[in-house]
Each structure stands twice: as C-alpha cells, then as structure tokens.
Amino acid sequence: TITERILYYTGRVHKMGEVHDGEATMDWMPDEKERGITITSAVTSCAWRNHTINIIDTPGHVDFTIEVERSLRVLDGAIGVFCGVGGVEPQSETVWHQADRYKVPKIAFINKMDRIGADFFRAVQMIKDRLGATPLLLQLPWGSEDSFRGVIDLLKMTAIEWQDETLGAAFTEQPVPDDLLEEAAKYRDMLVETLADKDDAIMHAYLAEEEIPLSELKRAVRAATVNLHGVPILCGAALRNKGIQPLLDAITDYLPAPTDIPPVVGMVPGTSDIDSRSATSKGPFSALAFKVQMDQGRKLTYIRIYSGTIKAGDTIFNPGRKVKEKLARLLKMHANKRERIEEASAGDIVAVMGLKVSTTGDTLCSEDHPILLEPMSFNTPVISMAVEPKGVQDQDKLLDALAKLSDEDPTFKYRIDDETGQTVISGMGELHLEIVVNRLRREFFVDTNQGKPQVVYRETLSKRVEHEEIFQRELAGQQHFAGVNIELIPLPRGTGNRIVDRCQNPNLTEEFMNAIREGLEEASTTGVLMGYPVIDVESAILDVKIHELHSDAMAFRIVASMAFRNACLLADPILLEPIMKAEILIPEEFLGEVIGDLNARGGKIEQITHKGPVQVLTASVPLSKMFGYSTALRSVSQGRGTFTMQFSHYDKT
C-alpha cells in the first residue's frame, strides 16, 4: 500500500491501486492478486525533489525470505514498515537482522495509525526491545484510531494535516495544537539529547542552550542513520493517504545516496588481492546480478550497477563462471512493465536481456578490470513434497518448468529420487510450494498431483549367522554347480558394508572370487523385509565347493546371492529409518513448548546453547516425523522460530 502511494504522489502512476482489491501495481502476479500479499520483489523507480529513488517492494512472508535477502544485498537503504497495532512482527525481526548483516541503513515507518488499537509508543518500544535499535522520533501522531488527523513534525515543530478530497496529495502545515505542545516539546528535547550523544556540534549547541538550526539537526540525523547509529521513526496511515510525503522527504534527506556509502569491495579473480570500486559512472564497470525472472520464455536478469556505465549491445565478463556475455537489451522496470533504455550507470537498478549463463549472485564486470564481489548466501530448503504430472506426456514439460523455476529462486530445489523415482520439490515452507504448484499450472500449463515424499528406509541384521548354500542345476543342456559357506556379521551404524575373504580352499580362482563378490553386492541392494537396501553388514566367505567340470562364474554369482538372502532371513532383519539433525533457533519463552513437541515426535535433544536473546537447540529426529514441522514450529513459537535440518544417520525404527 505504501509503495502504491509513493508512486502516485511522485507522478509515476495516475491511479492508486489497492492491495485488498488485487489492483496494486507492484503485486502483479495472479497469486499475489488473489492472496493480497507480495510474493516476488518488484522493482520500480520514481523521482522526488530532483532525486531518483529506486524502490524494491519485497514480501513480508517468511517463506519468501530469499526475495528480501537478495534485495537487501543490492540496496543502500531500507524502510521497515511496522503495523501500529501489531508492532514488530516476527518476520520483521528476521528481515531487520538480515539488513543488519548487510549493514543497510534503515528508516522505520509505523503504518495503520488509523486502526483500532493502534499504539505508536508501544510500537516504538518494541523496535527498541526486539530489534535493539536506537529510535530517533522525528514525528508524533496527531490523534489516533478514528481521530487520526496527521502528524506532528518534531524537527520543524509544525503539525501536518492531509486533505481527504485531494486523496492526500495536498496537505497543510500549521502550528502545533496547544494540547500537544507540551508532549511535542518533551519528545523534541529527547531527540536532540540522543543526537547530542552521537554528534559533537549538536552537543556544544545543546549544552550552551543555543537554538539549533534545522539544517544542522537534519545533518545529524542523516549521519546517525548512515552510520547505523540510529533509526529515524515516522508514522502515518497509508490507506488513508496520510504521512507519505514526509516519508519521501526522509528517504532523500536521511538515507544514503550511492556516493555516500563506502566503495564496494571484492576480490581480484585468481588472486587473494582485495580491490574496491567507488560509485562513479567514469570508472570500470561492475555490477551484481541479484534476480533472474522468466518472462514469456526469455530470461530477464536484474542487476545493480556499482560502478561504470554500460550500453545496450556491450559485451561484459562474468569472472565467477569465466564467460563473456552480450547484453542484448537494457530495460528500466516498473513492476512488470518496462521501457527500453540505451545506457545505465553507477547506482542504477536495471533489467538486462541476453545473459545466458549468469544467475543470481553472479558478478558482472569489464574484462580488462575484473573483480569478484561477495556472493549472496541462501538458506537451504526445509520442506519437501512429491509432484507428478497428471498426464504422463507432461513429464518432460514438468522437469523443464522446474528447472526454470529453480533458476529464478535459489531457495527452491527439485530432484528425482534415485530410489523411489519420485520428482521431489523442496522449498522454504508450505505456502512457498503451494505457489510453485500454482505457477506450474498458470505459467507452464502443467497440472500436477502432489503427495508426501516417501521416506527411504534401510534394512540391517541384528545377529550373527552362518549359512551354507549349494546350487546345482541343468540349464540349456549344461550342468552348473557351485557351493558357498558364508557368515554375516552386523556392524555398528554408519560403517557400511564390507566383504571379507576367509576361505582357505586352494582351488578358489580370482574369477570365482569376483563372481561371489558380485553376487553378494547384488543381493545386498534388496533386503528381505521390504526390499530396501541392506547396510552395515560384514559378509565373510568361509569356504567354497568347486566341481572340476561343472563350476563356473555364473553359478558362483547365483549361489552367493541365494546364500546372502537366506542367511538374512535367519539373522532377524530389522528396518532402519533416516534420522535428521535439526537445529532450531527459538526465543527463550517458547523453549518448553518446542522441547515438548520434539519429544512427542520421538526426537532426542542433544544440546541447548545461547545466542543473544535466542536459544539454539540441537536435536536428532526421525525424518518421517518431520513433515509439516515448519508450520508446527511457527504456530508453537508465534512465528518467531526457525529451523534447519540435514541428514545425520540411519537408526532403528
């Protein structure tokens, strides 16, 4: 909603779309319109007070963190939008910490001040407690809930009221109303005091009790923001068209321009030298590809240019993959509409066509001045689902579509399971996979059935057993004879299978020995219980029976295989299931519920450690009990818990 207003007031669109009507410019995917949420990050730009602002509108839902992660990597500043009623929500916490990791300066905008239960000061307190930020209050709300009229600007000490009949395009500044004067003065004093702590010039003026000029205060707020010492806080009600213009002013006043941030640093390919690029359009070209999107079958790559200039038709170099690529076209994006441009320079975010190899996180640069920028880190998928096309003839189409989708989204993976033959897709959450299935139907016209992925079990033995097997048969008019005596010994978990030769018979040739090995290995791929592979067993060859005329390699292969199967039946075979090692990050207050839930799933808690306000819990849990766990964890922890898991070992079911 806020992005819509920004585009309207800067003259970029001439009609405001509403998110709840499915009309928003930036939410252009059919799924986004249906659900009223953002799913992919959309790029646009607008002009305000002679500045160009590049905006990326990112999703808030935890399943789509990749979109936020890659946008933060290429942006210079961020606006955190918080709800006046809900305050800091769990997902905002995650995103805020991502921004901290990339050292992105931030402004906070407390929205929905017209909603029932909106409480500005509680939201500010939550920003302080949960995010550990130093709030710089630049505005106070004027009225709240139904009587929300506008905002009090603490720097200028004026009240701003919006006129409803112009859809909030016109507003008036007036003196602060008498009933709010005392409160406004108190908070302005607190603001100046906070700035004085961080800025010597303000400190001198404050102690001498001089009047501090507005330009000085703005400079101090900007310095505190750019250096990550504070977060300017503004408020408004976007749906009621209130509070947007001061937010645009704050973006141009307090967030850094590309020239304010330190030069981007990277490695010189093939060496361990560090190189840097400052944001000038004159220098050598360098950029980072941060998003790939399929557009009517063609590949569209979004890039952020850090230095230099490029023109359509240029050839550029990808040092990570050591290839040259040609830029067929440069496009300036506005959500999913575009305009062709001939050149782009440092600070721009543009889409390019014609890159065949480059993908998310790749550096692009000029070949005579190569540089490798820091790549992006992605989370591993946590939830999997099996899919199959409804029509058998669509199988190739499905794999082709999945390849394109995983190109676009590094947190979405697919694989064909060698053992079950299922096509398994994995992603960040149930909503994520649901959207993928919808996109397969809408964009690639592949209807699918979905099911739980199958868990792949293993079998092993629980006692030692010795067994002798004789094979004697006439096949195609020829006698075949072989005999073998073997011992099977169960080994500790994770050892694997091994074959040991303890046979003293001098007539055993190498050819027969290899045939016996082959037979044993072949037999161990299908167990006797349910046909799963047998693991952690030592097969010892004790003795063989050989007939001078009738023994051959085929007979030994068959007899070894029969001996192994029959011995397994006598050795009390048991089923093993995959055990996952899960690491769960959880705020302290939910620790009890999470441990209880893991115990109910048959998990074993291995250790609990502290990491700031968060507890890190390590546990081993059977994979079969972990389907749907991401949703269960979110509901137990009010959405604040996250987890990762990977395969650890096999153990008794």
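Since this is a predicted model, take the numbers as computed values, not measurements. (Residues numbered from 1 in each chain as written. Predicted model: local features only at pLDDT ≥ 70, side-chain atom pairs only at ≥ 80, totals over all residues. Heavy atoms only, no water.)

**Describing a nonpolar patch on the surface**
On the surface, Val 265, Met 267, Ile 274 and Leu 372 cluster together into a nonpolar patch covering about 330 Å² of accessible area. Mapped onto the fold, Val 265 is located in strand β11 (residues 264-267). With a relative accessible area of 46%, Val 265 lands in the partly exposed category. (Patch = residues over 30% accessible without salt bridge, like charges linked within 9 Å, V, L, I, M, F, W, Y side chains within 5 Å. Areas by Shrake-Rupley, 256 points an atom, 1.4 Å probe, with all protein chains shown as cover. Salt bridge = Lys/Arg side-chain N within 4 Å of Asp/Glu carboxyl O. Helix = DSSP H or I, 4+ residues; strand = E, 2+ residues; numbered from the N terminus. Buried < 20%, exposed > 50% of the residue type's maximum accessible area, 1.4 Å probe, protein only.)

**A look at the pattern of salt bridges**
With the rule as written, the count across this model stands at 30 salt bridges. Arg 277 is the salt-bridge partner of Asp 275, the closest N and O atoms lying 3.6 Å from each other. On the basis of relative accessibility, which here comes to 25%, the residue Asp 275 falls in the partly exposed class. Among the ionic pairs, Glu 367 bridges to Lys 324, the shortest N-O distance being 3.4 Å. Taken together, the residues span a long stretch of sequence, with Glu 367 in the loop between β22 (363-365) and β23 (372-373) and Lys 324 in strand β17 (residues 323-326) at a distance of 43 residues. Overall, Glu 367 belongs to the partly exposed group, its relative accessible area being 44%. Through salt bridges with shared partners, one network takes in Arg 464, Glu 487, Arg 498, Arg 502 and Glu 538.

**What to know about the packing of helix α12 (residues 510-523) against helix α13 (residues 553-570)**
Taken N-terminus to C-terminus, the directions of α12 and α13 make an angle of 35°; their axes are 7 Å apart at the nearest point. The two elements α12 and α13 cross, and the hand of that crossing is right-handed. The residues of α13 that touch α12, namely those facing Glu 511, Phe 512, Ala 515, Ile 516, Glu 518, Gly 519, Leu 520, Glu 522 and Ala 523, are Ala 553, Phe 556, Arg 557, Ala 560, Ser 561 and Phe 564. Looking at side-chain class alone, the contact of α12 with α13 contains 9 nonpolar, 2 polar and 4 charged residues. (Axes fitted to C-alpha atoms, helices over the stretch in contact; angles between N-to-C directions. Left-handed = near helix turned anticlockwise from the far one by under 90°. Contact = heavy atoms within 4.5 Å. Nonpolar A, V, L, I, M, F, W, Y, C, P; charged D, E, K, R; others polar.)

**Some words on helix α15 (residues 629-636)**
The set of residues buried in α15 consists of Tyr 629, Ser 630, Ala 632 and Leu 633. Buried residues of α15 fall within an arc of 160° about the axis and therefore sit on the same side. Those residues of α15 hidden inside the fold are in contact with β24 (383-389), β33 (573-587), α14 (591-600) and β36 (642-652). Once α15 finishes, Gln 638 follows within two positions and takes phi at roughly 55°, a positive value. (Arc of directions from axis to C-beta.)

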